[in-house]
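Coordinates in review
Read off the chains here:
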Amino acid sequence: MMPTTLPVPREFRLPENRLPAAPPDGVDVSGVAFAAVRPHPDADFTANITVAGEVPPPAVTLRELADESAQRLREAAGAVVVAHRGEVGSADAPALTQRPTFSGVVGHTLHDLVRSVRPDTGAGTDTGPGAGTGA
């Protein structure tokens, strides 16, 4: 499966403890432009970084995009709390960051998870046990 192309060019550098990832057989990765994983999973969980994005309609605000992102996560993960949301950037290049938190069962163990998202770019990081807080 070919990765999705981002609508705008992006450059980024992976942390030293991440490797580019190929999707496992049978896993739907539609909409993902790039993925990276930790080389050594923690128990049954592999912390990951995924990059996806699209150009939203001009009338949609960053706050509306952030609300929509949190709602999509709720549809997949259930109870989600936006632990932090903040406006960053400038008037010429506004941005908004948010950090939703939720729990998920990995193996037979419940883990607290964090997803750091920049709705202006669609860039996100999912983190889990031993994975840090993302960026």
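Definitions and cut-offs
- Residues numbered from 1 in each chain as written.
- Predicted model: local features only at pLDDT ≥ 70, side-chain atom pairs only at ≥ 80, totals over all residues.
- Heavy atoms only, no water.
- Helix = DSSP H or I, 4+ residues; strand = E, 2+ residues; numbered from the N terminus.
- Buried < 20%, exposed > 50% of the residue type's maximum accessible area, 1.4 Å probe, protein only.
- Contact = heavy atoms within 4.5 Å.
- Areas by Shrake-Rupley, 256 points an atom, 1.4 Å probe, with all protein chains shown as cover.
- Expected span 1.5 Å × (residues − 1).
- Arc of directions from axis to C-beta.
- pLDDT = per-residue confidence, 0-100.
- Pairing = 2+ DSSP bridges.
- Salt bridge = Lys/Arg side-chain N within 4 Å of Asp/Glu carboxyl O.
- Polar contact = N/O pair within 3.5 Å; in protein donor to acceptor, adjacent residues only side chain to side chain.

What follows concerns the overall build of the protein chain. Check the secondary structure of the protein chain and you find 1 helix and 7 strands. Order of helices (α) and strands (β) in the protein chain, N terminus to C terminus: β-β-β-α-β-β-β-β. Counting every position in the protein chain, which comprises 135 residues, the buried fraction comes to 27%. Here the analysis covers contacts within the protein chain between residues at least 6 apart in sequence; of these, 35% occur between residues at least 24 apart. Surface accessibility of the protein chain: about 8,800 Å² in total, with carbon and sulfur atoms responsible for 55%.

Attention now moves to helix α1 (residues 62-77). Since the α-helix packs 3.6 residues into each turn, any two residues three or four apart lie on the same face. Taking 1.5 Å of rise per residue, 16 residues should cover 22 Å, and α1 covers 22 Å from first to last C-alpha, within 8% of that figure. Restricting attention to buried positions, one finds in α1 the residues Leu65, Ala66, Ser69, Ala70 and Leu73. Relative to the axis of α1, the buried residues are bounded by an arc of 135° and lie together on one face. Just downstream of α1, glycine 78 is the residue with a positive phi angle, here 85°.

We now examine the confidence of the model for the protein chain. Per-residue confidence for the protein chain averages 76 on the pLDDT scale, and 77% of its residues sit at or above 70. Across the protein chain, strand β4 (residues 81-89) holds the top mean pLDDT of 90, while strand β7 (residues 123-127) sits lowest at 47. Here residues 121-135 scores under 50 on pLDDT; set against residues more than four positions off or in separate chains, the count is 47 contacts.

Another point: the environment of asparagine 48. Mapped onto the fold, asparagine 48 is located in strand β3 (residues 48-51). On the basis of relative accessibility, which here comes to 18%, the residue asparagine 48 falls in the buried class.

Of the pairings in the sheet, the one linking strand β1 (residues 19-20) to strand β2 (residues 34-37) comprises 2 bridges and is antiparallel in character. By the bridge assignment for β2, leucine 19 is matched with valine 37.

This brings us to the pattern of salt bridges. Applying the stated criterion across every chain yields a total of 3 salt bridges. With a shortest N-O distance of 3.2 Å, glutamate 87 and arginine 63 are connected by a salt bridge. Residue glutamate 87 is located in strand β4, and its partner arginine 63 is located in helix α1; the two are separated by 24 residues in the primary sequence. Overall, the relative accessible area of 61% leaves glutamate 87 in the exposed class. According to the relative accessible area criterion, arginine 63 is partly exposed, its value standing at 40%. A salt bridge links arginine 85 to aspartate 67, with the nearest nitrogen and oxygen atoms 2.8 Å apart. In this pair, arginine 85 is assigned in strand β4 and aspartate 67 in helix α1, connecting sequence segments 18 residues apart. On the basis of relative accessible area, aspartate 67 is assigned to the partly exposed category, the value being 42%.

Right, let's talk about the side chain of glutamine 98 for a bit. Mapping glutamine 98 onto the fold places it in strand β5 (residues 94-106). Its relative accessible area of 2% is what places glutamine 98 among the buried residues. A polar side-chain atom of glutamine 98 sits 3.1 Å from the main-chain carbonyl oxygen of alanine 66. A polar atom in the side chain of glutamine 98 sits 2.8 Å from the side chain of arginine 85.

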